[in-house]
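Structure assessment
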Amino acid sequence: MQAVAPQTVRVMLTGGFSRRYTDGIREFEIEARTVRGVISAMDRLYPGLGEHLEEETSLAVNGVIHEVVYTQIIPADAEVFFIPRIEGG
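Structural notes, computed from the coordinates. What you are looking at is a predicted structure, and each value in this text was computed from that prediction instead of being measured.

**What about the overall build of the protein?**
From N to C terminus, the protein includes three helices and five strands. Starting at the N terminus and walking to the C terminus, you meet the elements of the protein as β-α-β-α-α-β-β-β. The buried share of the protein, reckoned over its 89 residues, is 35%. Across the protein, contacts joining residues at least 24 apart in sequence account for 54% of those joining residues at least 6 apart. As displayed, the protein offers around 5600 Å² of accessible surface, 52% of which is attributable to carbon and sulfur atoms.

Written out as structure tokens, the structure reads:
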């Protein structure tokens, strides 16, 4: 079986979200191949953040908003943006 080479993706958070959970850091370079990998990597950097990303955000990859499918492949050098969900009443 051939090893899968790591790939880097750029993760971005909104200002409000980053102030609440990452001490104001908005951009990250991480290694991940799937949505689940991105969330797991962010959770390793900030324990507990993965749960907030899953429950409170939507996801855009290279500017296109996607339904969160954890097995979705993220292209190499992609930009992943977590967008706070708008709650209806």
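**Re the side chain of Thr 57**
For Thr 57, the location among the structural elements is in strand β3 (residues 57–61). A distance of 2.5 Å separates the side chain of Thr 57 from the backbone oxygen of Leu 53, its partner in a polar contact.

**Overview of the packing of helix α2 (residues 35–45) against helix α3 (residues 49–56)**
Viewed as axis vectors pointing N to C, α2 and α3 meet at an angle of 135 degrees, and their least axial separation amounts to 7 Å. Taken as axis vectors, α2 and α3 run oblique relative to one another. For the pair α2 and α3, the contacting residues are Arg 36, Ile 39, Met 42 and Asp 43 in the first and Leu 49, Gly 50, Glu 51, Leu 53 and Glu 54 in the second. Classifying every residue of the contact of α2 with α3 gives four nonpolar, one polar and four charged.

Calculation criteria
Throughout, residues of each chain are indexed from 1 in the direction in which the sequence is written. Reporting in this predicted model follows two pLDDT cut-offs: at least 70 for local features of residues, and 80 or more for side-chain atom pairs to be given and counted; totals over whole chains, interfaces and linings ignore these cut-offs and use all residues. Side-chain calculation: all heavy atoms of the structure are included, whereas hydrogens and water are not. A run of H or I in DSSP becomes a helix once it reaches four residues, and a run of E becomes a strand once it reaches two; helices and strands are each numbered from the N terminus. A 1.4 Å probe rolled over the protein chains alone gives each residue an accessible area, and that area as a share of the maximum for its type sets the label: buried under 20%, exposed over 50%, partly exposed in between. Residues count as neighbours in contact if any of their non-hydrogen atoms are within 4.5 Å of one another. Residue burial considers only the protein chains on display, and all accessible areas are found by Shrake-Rupley using a 1.4 Å probe. For the purposes of these results, a polar contact is taken to be a pair of N or O atoms within 3.5 Å, where, inside protein, one atom must be able to donate a hydrogen and its partner to accept one; residues adjacent in sequence count only when each atom of the pair is a side-chain atom. Axes, fitted as lines to C-alpha atoms, cover a helix only where it is in contact. Angles between the N-to-C directions of the axes lie from 0 to 180 degrees. The scheme is simple: roughly parallel for angles under 35 degrees, roughly antiparallel for over 145, roughly perpendicular for 65 to 115, oblique for anything else. Amino acid classes used here: Ala, Val, Leu, Ile, Met, Phe, Trp, Tyr, Cys and Pro are nonpolar; Asp, Glu, Lys and Arg are charged; the rest, including Gly, are polar.

These values are about where atoms sit, not about what they do.
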